[in-house]
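# Notes for the structure review
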Amino acid sequence: MIGKLYLIPTTLGDTEPLEVMPLSVKKVVEQIDYYIVENEKSARRFIKKISPKKPQPSLQLMLLDKYAEEMETRRYLDVCKEGLNVGLLSEAGVPAVADPGASIVKLAHENNIQVVPLVGPSSILMAMMSSGMNGQNFAFNGYLPIDKGERKKAIKDLEKLSKDKNQSQIFIETPYRNEKMLADLKATLAPATNLCIAADITLSSEYIKTMSVQDWKHQQPDLHKKPAIFIIHKE
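Cut-off values and rules
- Residues numbered from 1 in each chain as written.
- Predicted model: local features only at pLDDT ≥ 70, side-chain atom pairs only at ≥ 80, totals over all residues.
- Heavy atoms only, no water.
- 1 Å grid on protein atoms, 1.4 Å probe; cavity = no way out; pocket = protein on both sides within 12 Å on 5 of 7 lines; lining within 4 Å.
- Points joined across faces, edges and corners; volume = space filled by probe spheres on them.
- Helix = DSSP H or I, 4+ residues; strand = E, 2+ residues; numbered from the N terminus.
- Nonpolar A, V, L, I, M, F, W, Y, C, P; charged D, E, K, R; others polar.
- Domains from an automatic or database assignment.
- Phe/Tyr/Trp six-rings, centres within 6.5 Å; stacked < 30°, edge-to-face > 60°.
- Buried < 20%, exposed > 50% of the residue type's maximum accessible area, 1.4 Å probe, protein only.

The chain has the name SAM-dependent methyltransferase in an unreviewed UniProt entry, where Polaribacter pectinis is given as its organism.

Shown next as structure tokens:
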């Protein structure tokens, strides 16, 4: 028997895991000792939180960060050939979406290893669900350019794409640059364009609001260092 690759969601912040994900995630974590993670410390903390009785010394953690060598990561699923299951953990939310884990999922398919996605919070989908925008046609664009001129052009291009295709456009920003992003959105988008801001999703400080850019000009939510999703739609 070949082991499976389980895509294990994590919380989007300091939330009790079983408040935002089903018991099935806890059951899988309790059965797996091999994990591919971005950060060992936070991964151990999450595993301990969702399964307090699981022995930490039994865990085998393989790092998938910006320093990981491709030749090394290509061996991370070798234990599956021995019939052992592997868990892929993101730092926040679901693995392999806006996340380096996609390369491991691709590797699993190349080696005929079954991929099993588990249910858990996705900030992108939860923001889209809550936005009131076009849930039938939307696109995730990742991070926009850091350069101010290039970013404003990207914002205008996404606005035009939204109108031309009736497609809601989703993007993110590094938390400490959220307020600069909002300022650029207010200055660049047409007044009638709708903008949704969804921050701290699933946390007690959760903030989700959709308004026209004109109305946003009179609002200044506190987004500093808060994980946030931005969605625009021009009708």
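## A word on the layout of surface pockets
Looking at the largest pocket, its volume works out to about 590 Å³. In this structure, the largest pocket is lined by 25 residues; those nearest its centre are A92, A98, S123, I172 and P227. When residues of the lining of the largest pocket are traced back to their parent elements, those giving at least two are α6 (123–131) and β10 (228–233). In the lining of the largest pocket, the residues fall into 15 nonpolar, five polar and five charged. Looking at which domains feed residues into the lining of the largest pocket, each of domain 1 (4–117) and domain 2 (123–233) gives three or more. Approximately 320 Å³ is the volume found for the second largest pocket. Contributing to the lining of the second largest pocket are 18 residues, with T11, S42, R45, F46 and E91 lying nearest its centre. Here the lining of the second largest pocket takes five residues from helix α3 (residues 40–50), the largest share from any one element. For the lining of the second largest pocket, the residue count by class is six nonpolar, seven polar and five charged.

## Examining empty space enclosed by the protein
Rolled over the atoms, a probe as big as a water molecule pinpoints where empty space is left. Enumeration over the complete set of coordinates arrives at one cavity of 30 Å³ or more. Roughly 30 Å³ of volume is contained in the largest cavity. I36, V37, E38, L64, L88, L89, D99, P100 and G101 together form the lining of the largest cavity. Of all the secondary-structure elements, those providing two or more residues to the lining of the largest cavity are β2 (34–37) and β4 (86–89). For the lining of the largest cavity, the residue count by class is six nonpolar, one polar and two charged.

## Let's talk about the packing of aromatic side chains
By the definition in use, this model includes one aromatic pair. Consider the rings of F171 and F230, whose centres lie 5.9 Å apart with planes at 15°: the pair is stacked. Of this pair, F171 sits in strand β7 (residues 168–172) while F230 sits in strand β10, and the two are 59 residues apart along the sequence. For F230, a relative accessible area of 0% translates into the label buried.

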